Amino acid sequence: MTVMTTPRHPVHTLLSRVTGDAKHAPSAHSTLDVLWVLYDRVLRITPETTEAPDRDRFLLSKGHGPAAYYAVLAAKGFIPEEWLDDLGSWDSPLGHHPDRVLLPGVEVGTGSLGHGLGLAVGTALGLRAQGFLDTRTFVLLGDAELDEGSNHEAIAYAAAIRLPITAIVIDNRSATHGWPGGWSGAPTWISEDGEVAAMSDRTRAGLSVGIPARFPNWSVSVVNGRDHDEIEKALRPVAGRPSLVVAEV
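A short tour of the structure in this document, coming up. (Residues numbered from 1 in each chain as written. Predicted model: local features only at pLDDT ≥ 70, side-chain atom pairs only at ≥ 80, totals over all residues. Heavy atoms only, no water.)

Further remarks concern the overall build of the chain. When its secondary structure is counted, the chain shows seven helices and five strands. Starting at the N terminus, the α and β elements of the chain follow one another as α-α-β-α-α-β-α-β-α-β-α-β. Sorting the 249 residues of the chain into buried and exposed places 49% on the buried side. On the chain, roughly 11,100 Å² of surface is accessible, and the fraction owed to carbon and sulfur atoms is 52%. (Helix = DSSP H or I, 4+ residues; strand = E, 2+ residues; numbered from the N terminus. Buried < 20%, exposed > 50% of the residue type's maximum accessible area, 1.4 Å probe, protein only. Areas by Shrake-Rupley, 256 points an atom, 1.4 Å probe, with all protein chains shown as cover.)

Within the largest apolar cluster, 42 residues are counted, with the highest numbers of intra-cluster contacts made by Leu38, Tyr39, Phe58 and Leu235. Breaking this core down by element, the ones donating at least two residues are α1 (10-16), α2 (25-42), β1 (57-60), α3 (67-75), β2 (137-142), β3 (165-171), α7 (228-234) and β5 (243-248). For this core, the element with the most residues is α2, which contributes nine residues. Apart from the residues lying within four places of it in its own chain, the contact partners of Leu235 are Val37, Leu38, Val42, Arg136, Phe138, Thr166, Ile168 and Val245. Val121, Ala124, Val139 and Leu244 belong to the second-largest nonpolar core, a separate cluster that totals 24 residues. (Core = buried A, V, L, I, M, F, W, Y, C linked by side-chain atoms within 4.5 Å. Contact = heavy atoms within 4.5 Å.)

Topologically, Ala144 is positioned in the loop between β2 and α5 (150-160). Taking the C-alpha atoms as reference points, Ala144 and Lys62, separated by 82 residues in sequence, lie 9.9 Å from one another.

For the rest of this paragraph, the subject is the packing of aromatic side chains. Applying the stated criterion across every chain yields a total of five aromatic pairs. Judged by centre distance (6.3 Å) and plane angle (50°), the rings of Tyr39 and Tyr69 are tilted. With Tyr39 in helix α2 and Tyr69 in helix α3, this pair connects stretches of sequence that are 30 residues apart. Like Tyr69, Tyr39 is buried. (Phe/Tyr/Trp six-rings, centres within 6.5 Å; stacked < 30°, edge-to-face > 60°.)

Below, the discussion takes up the sheet that holds β1. The five strands lie next to each other as β1-β2-β3-β5-β4, forming an open sheet whose pairing is parallel. Edge strands, defined here as strands with exactly one partner in the open sheet, are β1 and β4 (219-224). On average, each strand axis in the sheet is inclined to that of its neighbour by 20°, with strand direction left out of account. Of the pairings in the sheet, the one linking β1 to β2 comprises four bridges and is parallel in character. (Pairing = 2+ DSSP bridges. Axes fitted to C-alpha atoms, helices over the stretch in contact; angles between N-to-C directions.)

Now for α5. Among the residues of α5, those classed as buried are Asn151, Ala154, Ile155, Ala158 and Ala159. In a view along the axis of α5, the buried residues occupy a sector of 125°, so they form one face of it. Looking at α5, the residues exposed on the side facing more than 90 degrees away from the buried face are Glu153 and Ala160. The elements touched by buried residues of α5 are α4 (116-129), β2 and β3. (Arc of directions from axis to C-beta.)

Turning our eyes to something else, we now look at the pattern of salt bridges. One pass over the full model with this rule turns up nine salt bridges. The shortest N-O distance in the salt bridge between Asp40 and Lys76 comes to 2.5 Å. Taken as a pair, Asp40 in helix α2 and Lys76 in the loop between α3 and α4 lie far apart in primary sequence, 36 residues in all. Residue Lys76 is classed as partly exposed on the basis of its relative accessible area of 26%. Where Arg55 meets Glu107, a salt bridge forms, and the shortest distance between an N and an O atom there is 2.9 Å. With Arg55 in the loop between α2 and β1 and Glu107 in the loop between α3 and α4, this residue pair connects regions lying 52 residues apart in the sequence. When sorted by exposure, Arg55 lands in the same class as Glu107, which is buried. What emerges from the salt-bridge pattern is a single network uniting Arg17, Glu81 and Asp85. (Salt bridge = Lys/Arg side-chain N within 4 Å of Asp/Glu carboxyl O.)

Put into structure tokens, the structure is as follows:
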């Protein structure tokens, strides 16, 4: 098990260079581990391939708290590290929301909650239509974003056409409108080969509440959002259906 627990990790040091209220510190710290695993172990994109047609796509729907995203982009060489010292100033390319025009590697400008999943569904659909069948699309959301109704149209459509998309929901129990977070203790139900494993009664009960209940007909994994090995395993491709990863922090 690999868990990021110490500020000595380089990306923690880079994140600490971002200061001020614009940092949205709780949002940044809740997403940092997932973002690091994506860029360090999963995504097929580098600073040299930001325009490659067959690159993997990552969309930060949780775009109102992008400090961790900026730190990871700096750690991986997409942007200069010194940019982190000046987030949000009038001439800084690092805005309070990420800007695809100003930042290499950023696929879409986000910040209005509830838009990212629909944009990701459109991205994945377009890639499939162009024949990029090995290109994966990932989107990172906060749990409270699921209170936005537009997400559920995207969820239903992705399931209906079995779209190859991975949605990662950071579950820090911040949803407020009657949808409990988490999974009621039910175990992950993805087998080693990426197939849906047989579900126990306990697992079926867990699917009826919380975040997984909002994603019918999606493949579902629930992981410790600080455990890098768990996150990486859950982000492996799942054939024939969209995939949800709930990262509990």
